[in-house]
Amino acid sequence: MSHDRLLIYGAYGYTGELIARQAVADGRSPVLSGRNAAKVAALAQELGLDARPFDLGGDTIAGQLADIDVVLHCAGPFVETAPAMVEACIATGTHYLDITGEIDVFEHVFARDADARETSAVLCPGAGFDVVPTDCLAAALAAALPDATTLALGFDSRSGLSPGTAKTSVDGLAGGGRVRRNGRIVKVPLAADVREIDFGNGLKPAMTIPWGDVATAYYSTRIPNVAVYMPMSSARIRQVKWLNWVRPVFALSPVKNFLKARAGQVRGPDTATRARHGTYVWGEVRNAAGDLRVGRVHVANGYDVTIHASLALAQRLLTDAPAGGAYTPSKLAGAAFVETLPGSGTIQITDA
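Throughout what follows, the structure given in this document is the object of discussion.

What counts as what
- Residues numbered from 1 in each chain as written.
- Predicted model: local features only at pLDDT ≥ 70, side-chain atom pairs only at ≥ 80, totals over all residues.
- Heavy atoms only, no water.
- Helix = DSSP H or I, 4+ residues; strand = E, 2+ residues; numbered from the N terminus.
- Buried < 20%, exposed > 50% of the residue type's maximum accessible area, 1.4 Å probe, protein only.
- Contact = heavy atoms within 4.5 Å.
- Polar contact = N/O pair within 3.5 Å; in protein donor to acceptor, adjacent residues only side chain to side chain.
- Core = buried A, V, L, I, M, F, W, Y, C linked by side-chain atoms within 4.5 Å.
- Phe/Tyr/Trp six-rings, centres within 6.5 Å; stacked < 30°, edge-to-face > 60°.
- Lys NZ or Arg CZ within 6 Å of the ring centre and 35° of its normal.
- Salt bridge = Lys/Arg side-chain N within 4 Å of Asp/Glu carboxyl O.
- Pairing = 2+ DSSP bridges.
- Axes fitted to C-alpha atoms, helices over the stretch in contact; angles between N-to-C directions.
- Parallel < 35°, antiparallel > 145°, perpendicular 65-115°, else oblique.
- Left-handed = near helix turned anticlockwise from the far one by under 90°.
- Nonpolar A, V, L, I, M, F, W, Y, C, P; charged D, E, K, R; others polar.

1. Some thoughts on the overall build of the protein chain
- Check the secondary structure of the protein chain and you find 14 helices and 15 strands.
- Counting only residues that meet the buried cut, the protein chain has 52% of its 352 residues in that class.
- Long-range pairs, those at least 24 residues apart, make up 72% of the contacts in the protein chain between residues at least 6 apart in sequence.

Right, dumping it as structure tokens:
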């Protein structure tokens, strides 16, 4: 293809708009898109960009991508929106990025690896905070202990949620917890494991969560056992464990729709809040002999990581794309990629 264009889909959502505005600040001119024509047009006019609204139904998506090199997909819940966009990108040989953290989306995308290779489309889900910092740390830890059999990851962030992330969390309640055991993703109760972890700012109680690395870390490292942790107060952990008894209720459509409607009223953190709340990222690997390596890296607020990581990966695909197929962020850009992002420190790995 001789063209060189980036399309941001879901550009008027909380995170999509942040990305679009940063792209303009960086001197880029992406095409803005989404299913709401009025919202797309208003933002495009304000930013002096082209608007190309379309929905993800039917078989017309591929036609919208004829002159597009890279799609940066920001419209969630991605389990509902990603499959159609991925299919269109494979059909047109368009590179695909998204900012999902949903395990099922990662698994869907990696199942299309062979198809993407045939059309030279690069598919890289999780191009934001979900899962760039943890994925890069996982890759660094695997390099430090190549025969590791167990990987634990986690992060400590207190910045609040966007509407899209809040809606995705509703689906997560119904789905319960998940970890990877012996190479397979398995369902477990919410807060199935609780332990004390020093993410980089002191010991805190933490519980397992169904984070995207349960899927992606295996493709990055081939470590067969993976769990992801998030700090939580002891009282809140007890509340989460109690939810296991009523979790099936969250799968009922009326309940889910009500909770998603409430989630849609959430306002994402403003610039000052994001600036105040960076993120501590932690991980550890063990091998069969019991050898241990621990890694940590401090990064910017998760939403700021998403803005800069997704645009940096988009630029990489525009200028120096690898062979087609499904990639994790660390496979696409290297384990040190997280260190290049604004507000990030360097990955530190120790023996304990």
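2. Details of the side chain of Glu 284
- Position of Glu 284 among the secondary structure elements: in strand S12 (residues 279-287).
- Polar contacts involving the side chain of Glu 284 include one to the side chain of Arg 195, which spans 3.1 Å.
- Excluding its chain neighbours within four sequence positions, the residues that come into contact with Glu 284 are Leu 141, Thr 150, Leu 151, Ala 152, Arg 195, Leu 292, Arg 293 and Val 294.

3. What about the nonpolar core?
- Grouped together as the largest cluster of nonpolar side chains are 96 residues, with contacts concentrated most on Ile 8, Leu 32, Leu 65, Leu 72, Met 85, Leu 97 and Leu 151.
- Apart from the residues within four sequence positions on either side, Met 85 is in contact with Tyr 9, Phe 54, Leu 56, Ile 61, Leu 65, Val 71, His 73 and Tyr 96.
- By size, the runner-up hydrophobic cluster in this structure holds 11 residues, among which are Ala 152, Val 179, Trp 282 and Val 294.

4. A closer look at the packing of aromatic side chains
- Considering all chains together, one arrives at 9 aromatic pairs under this definition.
- Ring geometry for Tyr 9 and Phe 54: centres 5.1 Å apart, planes at 45 degrees, overall tilted. Of this pair, Tyr 9 sits in strand S1 (residues 6-9) while Phe 54 sits in the loop between helix H2 (37-47) and helix H3 (61-64), and the two are 45 residues apart along the sequence. The exposure classification of Tyr 9 matches that of Phe 54, with both residues buried.
- On the numbers, 6.4 Å between centres and 85 degrees between planes, the contact of Tyr 229 with Trp 282 is edge-to-face. Highlighted residues: Tyr 229 in strand S11 (residues 225-231) and Trp 282 in strand S12, separated in sequence by 53 residues. The pair formed by Tyr 229 and Trp 282 is uniform in burial state, with each residue classed as buried.
- What links up through ring pairs into an aromatic cluster is the set Phe 110, Tyr 218 and Tyr 219.
- Over the ring of Tyr 219 we find Arg 180, and its NZ or CZ is 5.9 Å from the ring centre.

5. Side note on the pattern of salt bridges
- Using the criterion set out here, one finds 14 salt bridges in the structure.
- A salt bridge links Asp 50 to Arg 5; the nearest nitrogen and oxygen atoms lie 2.9 Å apart. Highlighted residues: Asp 50 in the loop between H2 and H3 and Arg 5 in the segment before S1, separated in sequence by 45 residues.
- According to the relative accessible area criterion, Asp 50 is partly exposed, its value standing at 45%.
- For Arg 286, the salt bridge goes to Glu 284, with nearest N and O atoms at 4.0 Å.
- Residue Arg 286 is classed as partly exposed on the basis of its relative accessible area, which comes to 36%.
- Each of Arg 5, Asp 50, Arg 52 and Asp 67 takes part in a single network of salt bridges with overlapping partners.

6. Comments concerning the pairing of S12
- Across the 9 residues of S12, 7 count as buried, placing the element largely inside the fold.
- When strand S6 (residues 148-156) meets S12, the two strands line up antiparallel, connected through 8 bridges. From the neighbouring strand, Leu 153 faces S12, where its bridge partner is Gly 283.
- Where S12 lies against strand S13 (residues 292-299), 8 bridges are found, and the strand directions are antiparallel. Bridge assignment links Gly 283 to a residue of S13, and that residue is Gly 295.
- Connecting the antiparallel pair S12 and S13 is a turn made up of 4 residues, with Gly 290 showing a positive phi of about 95 degrees.

7. Focus on the side chain of Thr 279
- Here Thr 279 shows up in strand S12.
- A distance of 3.2 Å separates a polar side-chain atom of Thr 279 from the backbone oxygen of Ala 300.
- Beyond its immediate sequence surroundings of up to four residues, Thr 279 is in contact with Phe 129, Phe 155, Asp 156, Ser 157, Val 297, His 298, Val 299, Ala 300, Asn 301 and Gly 302.

8. Comments concerning the environment of Val 79
- Of note, Val 79 is situated in helix H4 (residues 78-92).
- On the accessibility criterion, Val 79 (39% relative accessible area) is partly exposed.
- Measuring from C-alpha to C-alpha, the distance between Val 79 and Val 105 comes to 5.5 Å, with 26 residues separating the pair along the chain.
- Setting aside its immediate chain neighbours within four residues, Val 79 contacts Glu 102, Asp 104 and Val 105.

9. A closer look at the packing of helix H7 (residues 132-144) against helix H9 (residues 213-221)
- Where H7 contacts H9, the two axes come as close as 9 Å, and the packing angle between them is 40 degrees. Regarding the angle of H7 to H9, the classification is oblique. For the element pair H7 and H9, the recorded crossing hand is right-handed. Of H9, the residues touching H7 (which contributes Thr 134, Asp 135, Ala 138, Ala 139 and Ala 142) are Asp 213, Thr 216, Ala 217, Ser 220 and Thr 221.
- Here the residues of the contact of H7 with H9 sort into 4 nonpolar, 4 polar and 2 charged.

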